[in-house]
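Listed below, chain by chain, are the residues.
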Amino acid sequence: MTVSRGSAARTGPEHHTDGTAPGSAGNPVDTLSALGSSWTWILASALATLIPGIIVLVWPDESLHVLAVIIGLYLLVAGGFRFVAAFSREGHGERLARLLVAVLFVLAGVLCLRNPLQTIAALSLIVGAVWLLSGMLTAYAALAAEDLSHRGFVLGMAALGVVAGIVVLALPTQSAVVLTRLLGLWLVLLGVVELGVAFAWRSALHRARAAQLSGPTTTV
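Summarised in this report is the structure supplied together with it. (Residues numbered from 1 in each chain as written. Predicted model: local features only at pLDDT ≥ 70, side-chain atom pairs only at ≥ 80, totals over all residues. Heavy atoms only, no water.)

1. What about the overall build of the chain?
Step number 1: Secondary structure assignment for the chain yields seven helices and zero strands.
Step number 2: The order of helices and strands in the chain, counted from the N terminus, is α-α-α-α-α-α-α.
Step number 3: The contacts in the chain between residues at least 6 apart in sequence include a share of 78% that link residues at least 24 apart. (Helix = DSSP H or I, 4+ residues; strand = E, 2+ residues; numbered from the N terminus. Contact = heavy atoms within 4.5 Å.)

2. Concerning the nonpolar core
One broad trend across soluble globular proteins is that nonpolar side chains are buried collectively.
Step number 1: Of all hydrophobic cores here, the largest spans 27 residues; its most connected members are Ile71, Leu75, Leu123 and Trp131.
Step number 2: Elements represented by at least two residues in this core include exactly helix 3 (64-86), helix 4 (92-114), helix 5 (120-144), helix 6 (151-170) and helix 7 (176-214).
Step number 3: For this core, the element with the most residues is helix 3, which contributes seven residues.
Step number 4: Here Trp131 is in contact with Tyr74, Gly161, Val162, Ala164, Gly165, Val168, Leu183, Trp186, Leu187 and Leu190, once residues within four sequence places are set aside.
Step number 5: In terms of nonpolar packing, the next biggest core, distinct from the first, is built from 11 residues, Ile42, Val197, Ala198 and Leu205 among them. (Core = buried A, V, L, I, M, F, W, Y, C linked by side-chain atoms within 4.5 Å. Buried < 20%, exposed > 50% of the residue type's maximum accessible area, 1.4 Å probe, protein only.)

3. Points about the environment of Gly53
Step number 1: Following the sequence through the fold, Gly53 ends up in helix 2 (residues 39-58).
Step number 2: A relative accessible area of 0% places Gly53 in the buried class.
Step number 3: Separated by 136 residues in the primary sequence, Gly53 and Leu189 place their C-alpha atoms 8.6 Å from one another.

4. What to know about helix 6
Given 3.6 residues to a turn, an α-helix orients residues that are three or four positions apart in the same direction.
Step number 1: Across its 20 residues, helix 6 extends 28 Å between first and last C-alpha, which sits within 8% of the 28 Å expected from 1.5 Å per residue.
Step number 2: Those residues of helix 6 that fall on the buried side of the exposure criterion are Val154, Met157, Ala158, Leu160, Gly161, Ala164, Gly165 and Val168. Looking straight down helix 6, one finds that the buried residues subtend no more than 160 degrees of arc, so they occupy a single side. Among the exposed residues of helix 6, those pointing more than 90 degrees away from its buried face are Gly152 and Ala170. (Expected span 1.5 Å × (residues − 1). Arc of directions from axis to C-beta.)

5. Describing the environment of Leu50
Step number 1: Relative to the elements of secondary structure, Leu50 occurs in helix 2.
Step number 2: Note on Leu50: relative accessible area 13%, which makes it buried.
Step number 3: Not counting the four nearest positions on each side in its chain, Leu50 is found in contact with Leu187, Val188, Gly191, Val192 and Leu195.

6. Brief notes about the packing of helix 3 against helix 5
Step number 1: Axis separation between helix 3 and helix 5 bottoms out at 11 Å; the angle between their running directions is 20 degrees. It follows that helix 3 is roughly parallel to helix 5 by the angle criterion. The two elements helix 3 and helix 5 cross, and the hand of that crossing is left-handed. Only Ile120, Leu123, Val127, Val130 and Trp131 of helix 5 make contact with helix 3, whose side of the interface consists of Leu64, Leu67, Ala68, Ile71, Tyr74 and Leu75.
Step number 2: Looking at side-chain class alone, the contact of helix 3 with helix 5 contains 11 nonpolar, no polar and no charged residues. (Axes fitted to C-alpha atoms, helices over the stretch in contact; angles between N-to-C directions. Parallel < 35°, antiparallel > 145°, perpendicular 65-115°, else oblique. Left-handed = near helix turned anticlockwise from the far one by under 90°. Nonpolar A, V, L, I, M, F, W, Y, C, P; charged D, E, K, R; others polar.)

Written out as C-alpha cells, the structure is:
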C-alpha cells in the first residue's frame, strides 16, 4: 500500500508534474524522497501488486511451491517500493511507520522464498499477518499526516489491507487452489485501489503545476 503524499502544492523547490524535484540528485535521501513522491512510482507499486494477483487468478491450479515463490517475490518487490515511498514523508513518525511496513514485507518475502515447500497454513499465516499489520501501520501514517492528499483513498487501502489480513487468517484453507484464489482476489483489489491513488496523485500534481504556471494575478 504505497502512498505519497503530502500536499501537492509544496513550498520550497519546484516540483515537476511527475512529483520529482530538480536538483535533488546530490543527496540520497532527497533522491529517494523525489522518487517516492512521483506518481509513476505509485503506479509501478500498484502494478507490482496487481500483476501477481492476476497471475495467481489465471493459473489457480499451480502447486503450493509456485504460489509461495510468486507471493515471496511480490512481498520483496512491494517491500522495496514501500521503502522508497517512506522517504516521501518528512514526519519522523510517518516515515518510521512506513519503514516498518517495508521491513515487514521484505522479511515475509524472505520467509516465503526460503522455504517454498511450507504448508498452506504457514503461507496463509505469513501473508495474513503482513496485510493486517501493514494495514494498521498505513492507517496510523495516514491519520498522523496533517497535509496528506487523498486521505480517504489511503484509509480505504489501509482498511482493505486489514480486512484482507483478517479474512486470510480467519478462514483456514484446505487446498492450494482455494488459497491461490483468495490471495489473488485480494492482490487484485489492493492493486486497483493503488491505481486509483496513483492517478489521483497525478491529477493533484498537474493542478499544482498549473497553479504555479498561472501564478498570482495582479491588478493595475
